[in-house]
Structures are given as structure tokens and as C-alpha cells.
Amino acid sequence: MTEPQTRRRSLRLGYGLMGVILVILAAWALRGMATVVIPVIFAVFVTLAALPLDRAIAGRMPGALTWIGRAVVMLLLLLVLSAFIGGLAYCVTRIAAELPGLPQDLNEVLPGLMDGAGSGADGGSGGGSDSAGGIVAAIRGILQERGEMIFSRVLETGASLARTIASAMGVVFVGMFLVLFLVLLALSEADTWEAKLDGMPSGDGAGWRRATSTLGRALRRFILTRAFVGVISAAAYSAWIMPFGLDLILVWAILTFLMNFIPNVGAVVSGVLPTLYAFFTLDFGTALMIGAGLTVIEQVIGNWVDPRLQGNQVALSPVVILIAVVFWSWLWGVAGAFLGTPMTLAIMILCNNVAALRPVALILSNQPRSADLDEKLGWADGTG
């Protein structure tokens, strides 16, 4: 290997290590500044999504009354955010109120379950019956001695976590008003920022305007699709659960709707929680039937309804979405779980607008080539 080649290889290695270090430092900074960064990012997303509505309403108002359009938009945002946060708070508080009584229910579920298994084993004959009965008795002893303690600790931890989230809802409501204030300022200055982009001497302003417009369109499509799929899922889940007599039907319906805004992971959570609750409060067979039905519903909606509604205008890799939800949840907790997909969507679109970062955008997408990604984004010229 010649000296220039060695030097280029060393430079690439150095740039790669520097990139990794910068990513780690950025993650550390984002986690440390979560209280400030999360409202700002959320406000930017809401502004991009709501900007066309603000302009459409303002365009139909006389010059002196354009403020009415902005007031209508802000009122709608206030209602939507209040309903979303209020629904989450309601679910958390109701589940937290039910958790302390579940260990007592568990004392009834486990012995009944094992007695049923023991009766089936005793119904046999010969040594095989005695052997099976001994195994069942041993399992019963282990469950009664250790299982209740383990489940009790898990449930106590879950109850404590739920109460912590519920107590933090006041802070969330304060953050919501901060977001609304930032959105109001951003909507007021939207025209000024677009003029700044158009006046960039390098000529890159048009590309960035295209990127932000694409991001706003993608966010609107994401929000509307997730809301519609959430309504369908909540209705289907409730219709399946109701005949079994499971409590907290309204909680499971609201939770199913809200969890749909966390792709992949949210569907699992909204199906597992009512199944576990049925196991603790009803019986094993009923819980198994509820879980099986919810799994079938989730598969039909996730593999057939959702893809046809979401479309392929902006395509993120399902694997990337799952990793993003896990990463942003670790970074920002519950807020990161809900912002994980929009954040990844924004990173993909913005990276596709920078020539050097287009490979990153391609990796995040589910398209095989950059030209295909440009077509899905509506960037027919194929330039970054």
C-alpha cells in the first residue's frame, strides 16, 4: 500500500472515530438537556404540521382579522394536546389504582390453575399418573412459594412507576403550554424564516425549503394515519374484550389509541397489558383467548390496514423504526417513545438534502436506491 493510500485510509478512520465520538457526545447532551430540547423539537414538529392549516384559515380572513385564523389553530392544538395528555393521565391513574389489589387476585389464580392441572394428571392411571402428579405438585409448590413473591414485587414496582408518571402529569401540562407558546411564535415568524432561506447567497435555501415542506407533509400523514388506525384498533380491541367481562374497557380502548402513535412497540404494549390483567383478574383460559384474539387483530391491522393507509410516500425501515423507538425511549423516556418515529423521519429527510449524508438517509429508509427514495419523497430531480 502506497503512502497516499495509507494516509487516506488513516483519514477515513479518523473521521469515522470522530463521527462516533460526536454521536455519543450529542446523545449525552440531548439526554442532559431533555427538559429544554423536547419542548423545542415538539414545537418545531407541530409548527411544520400545522402551518398549512394556519395559512389556509388566515388566507380566508380580511387583513385585519388574520389573527383569528391563528387563534383557531392554537385552540385546536390546545384541545388535541389536552385530550392526548389527559387520556394518558387517565389510563395511568386507573391502572395504578388497580395494581395494589392484583397480588391478592394472584393468590386465587395460581392455586386454581394448578389444581386444574393436578386433576388432569390424577385422571390417568399407573405410574405415569403418579409421576405426573408429583411433577405438578412440585410446580405448584414452587409457584406458591416463589411465584407470588416475584409477581408481588413486579406489581409493586409497576404501581410505583405508574404513580410516578401520574404525579409528573402536572409538569407535562406545564410543558404543553410552553410548546403552544413556541408554536405561536414559530407560526408568526414562518414567513420571515422562509424569506431568509430564499435569500441565502449559496442558493441552498430552495433545497431546505423543500426538505421542511416534505417533513411537514410526512408528519401530517403520520399523525392522521396513526390516529385513524388507533380508532380502528381501539374499536376492534374493545369489541373483542367486552364479551369476556374484563374490567377497564375504556382504559384499554384509550390506551390502544394512544399506543398506536408508537409504531410496532405500541401495538405490543396495548395487547399485552389487557391480557395480563385478564390473567390476574379472570382465569388463564380467558386470558389466553383474549391474548390470541388481540394478536390476530393486531396482525390484520398492522400488516394489511396500516400499510395501505400509511402509503409509501415516506418509507422508513421497520427495523430502523423499532431501533429508533428503543433508542429515543432510553434517551427521553415516554416522550422519546412518542417522538422516536418523527425524529427518525426528520433525520432521514434532512440527511437526504445533504449530498454527503444521503447514504445515511438511504440506510434509514426501506428503499434500495437513493433514486427510489427521491421518488418517494417527491424529489423528482434527484438532487440533495
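Above: the structure in question.
In short, a report on the structure. (Residues numbered from 1 in each chain as written. Predicted model: local features only at pLDDT ≥ 70, side-chain atom pairs only at ≥ 80, totals over all residues. Heavy atoms only, no water.)

1. Concerning the overall build of the protein
Helix and strand counts for the protein stand at 15 helices and 0 strands. When each of the 384 residues of the protein is scored for burial, the buried share is 37%. Counting only contacts in the protein whose residues sit at least 6 apart along the sequence, the fraction spanning at least 24 positions is 73%. When the accessible surface of the protein is split by element, carbon and sulfur atoms take 71% of a total near 20900 Å². (Helix = DSSP H or I, 4+ residues; strand = E, 2+ residues; numbered from the N terminus. Buried < 20%, exposed > 50% of the residue type's maximum accessible area, 1.4 Å probe, protein only. Contact = heavy atoms within 4.5 Å. Areas by Shrake-Rupley, 256 points an atom, 1.4 Å probe, with all protein chains shown as cover.)

2. Brief notes about the layout of surface pockets
Taken as a whole, the second largest pocket encloses approximately 900 Å³ of empty space. Secondary structure elements with two or more residues in the lining of the second largest pocket: α2 (34-59), α6 (169-188), α7 (190-198), α8 (205-241) and α13 (334-352). Here the element with the most residues in the lining of the second largest pocket is α2; it accounts for 9 residues. Partitioned by chemical class, the residues of the lining of the second largest pocket number 22 nonpolar, 4 polar and 6 charged. (1 Å grid on protein atoms, 1.4 Å probe; cavity = no way out; pocket = protein on both sides within 12 Å on 5 of 7 lines; lining within 4 Å. Points joined across faces, edges and corners; volume = space filled by probe spheres on them. Nonpolar A, V, L, I, M, F, W, Y, C, P; charged D, E, K, R; others polar.)

3. Examining helix α3 (residues 66-98)
For α3, spanning 33 residues, the distance from its first C-alpha to its last is 49 Å, which sits close to the expected 48 Å at 1.5 Å a residue. Gly-69, Val-73, Met-74, Leu-77, Leu-81, Ile-85, Gly-87, Leu-88, Ala-89, Cys-91, Val-92 and Ala-96 are the residues of α3 that are buried. (Expected span 1.5 Å × (residues − 1).)

4. Describing the nonpolar core
If you look at soluble globular proteins, the nonpolar side chains tend to sit buried side by side. One finds Phe-45, Trp-332, Met-348 and Ile-349 to be the most contacted residues of the largest nonpolar core, which totals 56 residues. Looking at this core element by element, the count peaks at 9 residues for α13. Apart from residues no more than four positions distant in its own chain, Phe-45 is found in contact with Leu-215, Leu-219, Leu-339, Pro-342, Met-343 and Ala-346. Counting 16 residues, the second-largest nonpolar core is a separate cluster that includes Val-73, Met-74, Leu-77 and Val-183. (Core = buried A, V, L, I, M, F, W, Y, C linked by side-chain atoms within 4.5 Å.)

5. A look at the pattern of salt bridges
One pass over the structure, following the stated rule, counts 6 salt bridges. Among the salt bridges present, the one from Arg-209 reaches Glu-194, with a minimum N-O distance of 3.4 Å. Remark: Glu-194 occurs in helix α7 and Arg-209 occurs in helix α8; sequence separation between them is 15 residues. As a salt-bridge pair, Arg-358 and Asp-374 come within 2.7 Å of each other at their nearest N and O atoms. Separated by 16 residues along the polypeptide, Arg-358 in helix α14 (residues 358-364) and Asp-374 in helix α15 (residues 370-377) bring together distant segments of the chain. As far as burial versus exposure is concerned, Arg-358 and Asp-374 are alike and both buried. (Salt bridge = Lys/Arg side-chain N within 4 Å of Asp/Glu carboxyl O.)

6. As for the packing of helix α12 (residues 318-332) against α13
Packing of α12 against α13 brings their axes to within 7 Å, and their N-to-C directions diverge by 130°. Regarding the angle of α12 to α13, the classification is oblique. Helix-helix and strand crossings are classified by hand; for α12 and α13 the assignment is right-handed. Across from Val-320, Ile-321, Ala-324, Val-325, Trp-328, Ser-329 and Trp-332 in α12, the residues of α13 making contact are Val-334, Ala-335, Gly-336, Ala-337, Leu-339, Gly-340, Thr-341, Met-343, Thr-344 and Ile-347. Its residues placed into classes, the contact of α12 with α13 shows 12 nonpolar, 5 polar and no charged. (Axes fitted to C-alpha atoms, helices over the stretch in contact; angles between N-to-C directions. Parallel < 35°, antiparallel > 145°, perpendicular 65-115°, else oblique. Left-handed = near helix turned anticlockwise from the far one by under 90°.)

7. Details of the packing of helix α9 (residues 249-259) against helix α10 (residues 265-281)
Interhelical geometry of α9 versus α10 gives an angle of 160° and a closest axis separation of 8 Å. The angle between α9 and α10 falls in the class roughly antiparallel. Considering the relative orientation of α9 and α10, their crossing is right-handed. Contact with α9, carried on its side by Trp-252, Leu-255, Thr-256 and Met-259, involves Gly-266, Ala-267, Val-269, Ser-270, Leu-273, Pro-274 and Tyr-277 of α10 and no other residues of that element. Looking at the contact of α9 with α10 residue by residue, the class counts come to 8 nonpolar, 3 polar and no charged.

8. Brief notes about the packing of aromatic side chains
In the structure shown here, the tally under the stated rule is 9 aromatic pairs. Ring pairing ties together the aromatic residues Phe-84, Phe-257, Phe-261 and Phe-338, which thus form one cluster. The ring of Trp-193 has Lys-196 sitting right over it, with the charged end atom 4.1 Å from the ring centre. Directly above the ring of Trp-379 sits Arg-210, whose terminal nitrogen or CZ lies 4.2 Å from the centroid. (Phe/Tyr/Trp six-rings, centres within 6.5 Å; stacked < 30°, edge-to-face > 60°. Lys NZ or Arg CZ within 6 Å of the ring centre and 35° of its normal.)

9. Side note on the environment of Trp-328
With respect to the element layout, Trp-328 can be found in helix α12. Distance from Trp-328 to Thr-344, taken between C-alpha atoms, is 9.5 Å for residues 16 residues apart in sequence. The residues contacting Trp-328, other than those within four sequence positions of it, are Leu-30, Gly-333, Gly-336, Ala-337, Gly-340, Met-343, Thr-344 and Ile-347.

10. Focus on a nonpolar patch on the surface
The grouping of Met-18, Ile-21, Leu-22, Leu-25 and Trp-28 at the surface amounts to a nonpolar patch, some 590 Å² of accessible area in total. Counting through the fold element by element, Leu-22 comes out in helix α1 (residues 3-32). The class for Leu-22 is exposed, based on a relative accessible area of 52%. (Patch = residues over 30% accessible without salt bridge, like charges linked within 9 Å, V, L, I, M, F, W, Y side chains within 5 Å.)

11. Section: the side chain of Thr-341
Along the chain, the position of Thr-341 falls in helix α13. Ignoring anything within four residues of it in the chain, the contact list for Thr-341 reads Phe-222, Pro-263, Leu-316, Ile-321 and Val-325.

12. So, the side chain of Thr-225
Looking at the element boundaries, Thr-225 is found in helix α8. A distance of 2.7 Å separates a polar side-chain atom of Thr-225 from the backbone oxygen of Arg-221. (Polar contact = N/O pair within 3.5 Å; in protein donor to acceptor, adjacent residues only side chain to side chain.)

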